[in-house]
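In case you want the letters, here they are:
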Amino acid sequence: MTETVQNKEKESEKKPGLSLTTQIGIALVLGIALGVWFPDVAISFRFVGEIFMAALKMLIVPLIVVTMIVGVASLGTPKELGRLGGRAVIYYFATTALAVVVGLIAVNLMKPGEAPLPANIQTSLQKTLGSQKGSPTSLSMKHVSQIQKAFEAHLVDGLDKKDDKKRKKAAVLAQQASASFAVTLRTYLKSQVAPKGKTKEKAAPITQAMWMQRATGALRAELVFARVGMRQTVKAAAELRARSQRKGPPLTVDRFLYMQIKKILMNPFEAMAKGNVLGIIVFSLLLGLVLVTLGARGRPALDLAESLNEAMMKLVEWIMLLTPYGVFSLIAYQVARSGWDILLLLGKYMLCVLVALFVHGFIILPILLLILGRRSPLQFFSQVRSALGVAFSTSSSSATLPVSMEVSEHNAQVPAKVSGFVLPLGATINMDGTALYEAIAALFIAQIYGIDLGLGAQILIFMTAALAAIGAAGIPSAGTVTMVMVLSAVGLPLSGIGLILAVDRVLDMCRTTVNVWGDLIGAAILGRWEQDEEGQAEAST
Ligand code: ASP
């Protein structure tokens, strides 16, 4: 960023009136209020948020291309670039791993999925299935209808006697839940016989305790779907259950890695059209490097990139003027669409994710910033908070990227060559919030279904959750897509994804905020290290 632009910005900051950050804060509060009290109005104003998101997305690709080229060129030598790139990758991997550890500790301590079943369902389960002796051999229709009755009684509990509509809904949902429960348990019984192999060998027999544990787990999961149905529609509950049963090749770790490698080396125009940030970064980085090595012959292209870079940053400033309106509309829409009561549905799970995000975002990362970046976390927070507001309302690290670059360079004075290089990289590979969320969600699903995971499986979750976060795109709900890999790696039921989707949007907003906060802190720390290197180099000459 040139000095003239910086000066103009400072001048504009001095203008009387509310600062942009204050306006964004007000927009957040007003948006929540509108969503709660006037949901219909909030939904009809959604287009404002959509325009804002579209405007930000419009900038992502050209911004990354030019800032990467300029960043690489201003780093000077490939050696310097290698140093910064290497440090960035190591720093990002290390903080991602730290985040997964925080998530694993939180979920093991809080055990959000181990909630007991409602008393009447528990009693019915004991009476019907608990009385069988020895290994279970079948699940009769009588058992299923007992469970159905208990479910229905639970769902109508506390309902107004005259509320026929809800009572009918409860009956339908109870029927669906017991049918799905029966399918799960029958499939489980079938797993007693090894499906493949000519020997028809029997798998280890299912004991009574295992049977009850599995039944309890299946009921816990069905209860979540049924509650979604009661709060929303029967169709919404069925869709959630079906979402996770989509067919397709399983997302194994090697297939996932192969997909990532394919993303890195790709026709740049295809990468740009598909918004594949990693592919764009790699191409721009190589192009920047080559232009530097060309010397005088590369200069015209570098000058063009520099001039375009300034133009892009100016565009970002213009679009940022829309931020309060965009944030207001996006938040109002989300609140109106989800409703508050849905948040209570998986309260303990949500609390667990939020506590872990808090510990990582408000304790661990600020300590790193203080020690490694030698900056006051509070001051840094106030310098970059508009980017955090945008991350929270858009749930997209990539869409927030233009704003993150702007606040990092302008407000927090992170050297442009560092933030231009490490922020796009961070927005795609550094997702601390997503990493800890993946670990918590996987263990939560295991707890709900009553599946015990030993240390080995937890280590596998640690590795796959980190990988899934690195590979997740910076767009809304990307974490739930890569989650499939984590669940498949340890053999957890994919239907668990349906459970967590019910409350995903709110958690996505919060984890994206921590993702962007982690990127910004990373840029500040790496910027400090670069400045130290430069200081040392100057001192020695
Ligand atoms: N929405 C997140 C992001 O853009 C990714 C995720 O779904 O966790 O950073």
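Everything discussed here concerns the structure shown above.
The present account deals with the structure reproduced in this document. Each chain has its residues counted from 1, following the order in which its sequence is written. Reporting in this predicted model follows two pLDDT cut-offs: at least 70 for local features of residues, and 80 or more for side-chain atom pairs to be given and counted; totals over whole chains, interfaces and linings ignore these cut-offs and use all residues. Only hydrogens and water are removed before side-chain values are computed, so all heavy atoms of the structure are retained for them.

## Concerning the packing of aromatic side chains
Quick reminder of the rule: Working definition: rings of Phe, Tyr and Trp (its six-membered ring) pair if their centres are within 6.5 Å, and the pair is stacked with planes under 30 degrees apart, edge-to-face with planes over 60 apart, and tilted otherwise. Numbering of helices and strands runs from the N terminus; a helix is a DSSP stretch of H or I covering at least four residues, while a strand is a stretch of E covering at least two. Only protein chains enter the accessibility calculation, which uses a 1.4 Å probe; a residue whose area is less than 20% of its type maximum is buried, one above 50% is exposed, and one in between is partly exposed.
Counted under the stated rule, the structure contains six aromatic pairs. Consider the rings of Phe380 and Trp517, whose centres lie 5.9 Å apart with planes at 35°: the pair is tilted. Here the residue Phe380 occupies a position in helix H18 (residues 377–394), and Trp517 occupies one in helix H25 (residues 504–540), the gap between them amounting to 137 residues. By the burial criterion, Phe380 is buried, and Trp517 matches it. With a centroid separation of 5.8 Å and an interplanar angle of 85°, the aromatic rings of Phe381 and Trp517 are classed as edge-to-face. Taken together, the positions of Phe381 in helix H18 and Trp517 in helix H25 put the pair 136 residues apart, joining distant regions of the chain. An aromatic cluster is defined as three or more aromatic residues linked by ring pairs; in this entry it consists of Phe380, Phe381 and Trp517.

## A look at the nonpolar core
A general feature of soluble globular proteins is that nonpolar side chains tend to end up buried together. Put simply, the rule is: Residue types Ala, Val, Leu, Ile, Met, Phe, Trp, Tyr and Cys, when buried and joined through side-chain atoms within 4.5 Å, form a set referred to as a nonpolar core. Two residues form a contact once any of their heavy atoms are found within 4.5 Å.
By size, the foremost hydrophobic cluster in this structure holds 67 residues, and its most contacted members are Ile64, Phe380, Val422, Leu520 and Ile521. Broken down by element, the residue count for this core peaks at 17 residues, all from helix H4 (residues 46–75). With sequence-adjacent residues up to four places away left out, Val422 is seen in contact with Leu84, Ala88, Tyr92, Ala523 and Leu526. Among the nonpolar cores identified, the runner-up in size contains 58 residues, and Val107, Ala439, Ile461 and Ala472 belong to it.

## Points about a nonpolar patch on the surface
Selection rule: Like charges within 9 Å and nonpolar side chains (Val, Leu, Ile, Met, Phe, Trp, Tyr) within 5 Å are joined into patches, using only residues over 30% in relative accessible area that form no salt bridge. For the area figures, the Shrake-Rupley method with a 1.4 Å probe applies, and any residue is considered shielded solely by the protein chains shown. Here, a salt bridge means any side-chain nitrogen of Lys or Arg that lies within 4 Å of a carboxyl oxygen of Asp or Glu.
A cluster of nonpolar side chains, namely Ile32, Val36, Trp37, Phe38, Val41, Phe45, Phe47 and Ile51, defines an oily patch on the protein surface of about 780 Å² accessible area. For the nonpolar patch, the secondary structure elements donating two or more residues are helix H2 (20–37) and H4. Sorting elements by how many residues they give to the nonpolar patch places H2 first, with three residues. Among the structural elements, Ile32 can be located in helix H2. Looking at Ile32, the relative accessible area reads 31%, which means it is partly exposed.

## Side note on the side chain of Ser408
Looking at the secondary structure, you find Ser408 in helix H19 (residues 397–411). Judged by its relative accessible area of 1%, Ser408 is buried. The residues touching Ser408, leaving out its near neighbours within four places in the chain, are Gln413, Val414, Ser419, Leu423 and Leu520.

## Section: helix H7 (residues 141–156)
The following threshold applies: To estimate how far a helix should extend, the number of its residues minus one is multiplied by 1.5 Å.
The first and last C-alpha atoms of H7 sit 23 Å apart over 16 residues, in line with the 22 Å expected at 1.5 Å per residue. Along H7, the residues that are buried comprise His143, Val144, Ile147, Ala150, Phe151, Leu155 and Val156. Buried-residue contacts for H7 involve helix H6 (119–128), helix H8 (164–190) and helix H9 (208–231). A positive phi of about 85° marks Gly158, the residue just after H7.

## Points about empty space enclosed by the protein
Definition in use: Site definitions follow a grid-based scheme: protein atoms alone, a 1 Å grid, a 1.4 Å probe that fits but cannot get out for cavities, and for pockets an open set with protein on both sides within 12 Å along at least five of seven lines, plus lining residues having an atom within 4 Å of a point. Grid points are joined across faces, edges and corners, and a volume is the space filled by probe spheres set on the points.
One pass over the full model with this rule turns up three cavities of 30 Å³ or more. In this structure, the largest cavity encloses a volume near 70 Å³. Contributing to the lining of the largest cavity are 15 residues, with Thr434, Ala473, Ile475, Asp508 and Asn515 lying nearest its centre. Of all the secondary-structure elements, those providing two or more residues to the lining of the largest cavity are helix H23 (478–489) and H25. With four residues, H25 is the largest single contributor of residues to the lining of the largest cavity.

## Considerations on the side chain of Asp432
The condition that has to hold: When charges are counted, Lys and Arg are positive and Asp and Glu negative, with His and the chain ends excluded.
Relative to the helices and strands, Asp432 is located in helix H21 (residues 432–448). Although Asp432 is buried, it forms no salt bridge, and the closest oppositely charged side chain is Arg511 at an N-O distance of 12 Å. Among residues more than four places away in sequence, those in contact with Asp432 are Thr95, Thr96, Ala99, His360, Leu365, Val514 and Asn515.

## A closer look at helix H5 (residues 78–110)
With 33 residues, H5 ought to run about 48 Å at 1.5 Å a step, and its terminal C-alpha atoms sit 47 Å apart, in line with that. Looking one or two residues past H5, Lys111 carries a phi angle of roughly 45°, positive in sign.

## Some points on the environment of Gly158
Topologically, Gly158 is positioned in the loop between H7 and H8. Between the C-alpha atom of Gly158 and that of Ile500, which follows or precedes it by 342 residues, the distance is 26 Å.

## Observations concerning the environment of Leu487
Looking at where Leu487 falls in the secondary structure, it is placed in helix H23. On a C-alpha basis, the gap between Leu487 and Tyr449 in space is 13 Å, while along the polypeptide they are 38 residues apart. When sequence neighbours within four positions are dropped, the list of residues in contact with Leu487 reads Ala442, Ile445, Leu492, Pro493, Leu494 and Ile497.

## Overview of the site of the ligand
Heads up, the condition is: Note on definitions. A residue lies near a molecule or strand when any single heavy atom of the residue is within 4 Å of it. Polar contact is the term for a pair of N or O atoms within 3.5 Å; when the atoms are in protein, one must be able to donate a hydrogen and the other to accept it, and sequence-neighboring residues count only if both atoms are side-chain atoms. Any residue outside Ala, Val, Leu, Ile, Met, Phe, Trp, Tyr, Cys, Pro, Asp, Glu, Lys and Arg is labelled polar, Gly included; the first ten of those are nonpolar and the last four are charged.
The local shell around the ligand holds 16 residues, among which Ser397, Thr434, Gly479, Asp508 and Arg511 are the closest. In the model, an oxygen atom of the ligand is placed 2.4 Å from a nitrogen or oxygen of the Ser397 side chain. Protein contacts shield 100% of the accessible area of the ligand, which totals 270 Å² for the unbound molecule. Of all elements in the fold, only H23 and H25 reach the threshold of two or more residues within the shell around the ligand. By residue number, the principal contributor to the shell around the ligand is H25, which donates four residues. Per-class residue counts for the shell around the ligand are five nonpolar, nine polar and two charged.

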